[in-house]
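# Architecture and fold: a report
If you want the building blocks of each chain, they are given just below.
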Amino acid sequence: MDTTGLVSEKTGDENSVGMTKFYRRACFRQIGGFVREVMWDGIDGHRCRQLGWIAISWDDPELRFVHLRPMGTSQKSWWTGRVRHGYGQYFMGTAPVYLLASAVYRMSRPPIVFGGLGMAHGYFRSMLRRVPRYGDGEFRRFLRRYQWACLLKGKARATDELNTRQAPVWNPLRS
């Protein structure tokens, strides 16, 4: 396949996207399998890291794939997809400040401005309606600590530091 015309959708390397995941069986069992809700593919990667596993993504030309529709959309529209993403971030436990920073960043990507507004709308509508959240409070605290580190240090540095701190868990020979 000729990949010269492909354009990155600017997803982070700290988690792989939903349709391209591989797990060690022990890890999959430990994280409790998939959460049957929007953001399952964010929760699983953060749960992996919380429990000491490595969650990572990388760009390999031999493994590239073409989405049938742009990430963040839905079968209905960009707006529906971005609102759903905002709800998913709320469900997962994302902090409001991190969501706002993420929404501002997404305003610079198609659909310009409206994608970020849709995310914020979905998140804050869920908050105002007191929609139930992912039930693991320790996970939500872990996620928010990581997100604050991302805001203060940048995502790459925060992820590297977290992986280094967690290394003794997944590699007991390191101390």
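None of the values given here were measured: they were computed from a predicted structure.

Let us now look at helix H6 (residues 137-153). Helical geometry note: an α-helix holds 3.6 residues per turn, so side chains three or four residues apart project in the same direction. With 17 residues, H6 extends 24 Å from end C-alpha to end C-alpha; this agrees with the ideal 24 Å at 1.5 Å per step. Residues Gly137, Phe139, Phe142, Leu143, Tyr146, Gln147 and Cys150 constitute the buried set of H6. Its side-chain oxygen placed 3.0 Å from the backbone nitrogen of Glu138, Asp136 serves as the N-cap of H6. Just downstream of H6, Gly154 is the residue with a positive phi angle, here 95°.

Our focus in this paragraph is the packing of helix H2 (residues 40-50) against H6. A packed helix pair is summarised by two numbers, namely the angle formed by the two axes and the spacing between the axes. Look at H2 against H6: their axes get within 10 Å of each other, and the N-to-C directions meet at 90°. The angle between H2 and H6 places the two elements in the roughly perpendicular class. The residues of H6 that touch H2, namely those facing Ile43, His46, Arg47, Arg49 and Gln50, are Glu138, Phe139, Phe142, Leu143 and Tyr146. In terms of residue class, the contact of H2 with H6 is built from five nonpolar, two polar and three charged.

On to the environment of Leu143. Position of Leu143 among the secondary structure elements: in helix H6. Separated by 97 residues in sequence, Leu143 and His46 place their C-alpha atoms 6.9 Å apart. Sequence-distant contacts of Leu143, defined by excluding residues within four places in its chain, comprise His46, Met92, Gly93 and Thr94.

On to the nonpolar core, then. One finds Met39, Ile43, Tyr87, Phe91, Met92, Tyr134, Phe139 and Leu143 forming the largest nonpolar core, which totals eight residues. Contributing elements (two or more residues each) for this core: helix H3 (78-92) and H6. Tyr87 has contacts with Glu37, Val38, Gly122, Tyr123, Ser126 and Val131, leaving out every residue within four places of it along the chain. Counting seven residues, the second-largest nonpolar core is a separate cluster that includes Ala95, Tyr98, Phe142 and Tyr146.

Turning to the pattern of salt bridges, a few remarks are in order. According to the stated counting rule, one finds six salt bridges in the structure shown. Arg47 is the partner of Asp136 in a salt bridge, and the nearest nitrogen-oxygen pair spans 3.3 Å. In this pair, Asp136 is assigned in the loop between helix H5 (114-128) and H6 and Arg47 in helix H2, connecting sequence segments 89 residues apart. Accessibility expressed as a relative area gives 25% for Asp136, which makes it partly exposed. Given a relative accessible area of 11%, Arg47 falls into the buried group. A salt bridge links Lys153 to Glu161, with the shortest nitrogen-to-oxygen separation between them at 2.6 Å.

Reading guide: rules and limits
Residues numbered from 1 in each chain as written. Predicted model: local features only at pLDDT ≥ 70, side-chain atom pairs only at ≥ 80, totals over all residues. Heavy atoms only, no water. Helix = DSSP H or I, 4+ residues; strand = E, 2+ residues; numbered from the N terminus. Expected span 1.5 Å × (residues − 1). Buried < 20%, exposed > 50% of the residue type's maximum accessible area, 1.4 Å probe, protein only. Polar contact = N/O pair within 3.5 Å; in protein donor to acceptor, adjacent residues only side chain to side chain. Axes fitted to C-alpha atoms, helices over the stretch in contact; angles between N-to-C directions. Parallel < 35°, antiparallel > 145°, perpendicular 65-115°, else oblique. Contact = heavy atoms within 4.5 Å. Nonpolar A, V, L, I, M, F, W, Y, C, P; charged D, E, K, R; others polar. Core = buried A, V, L, I, M, F, W, Y, C linked by side-chain atoms within 4.5 Å. Salt bridge = Lys/Arg side-chain N within 4 Å of Asp/Glu carboxyl O.

Bear in mind that shape data such as this cannot, by itself, settle questions of function.
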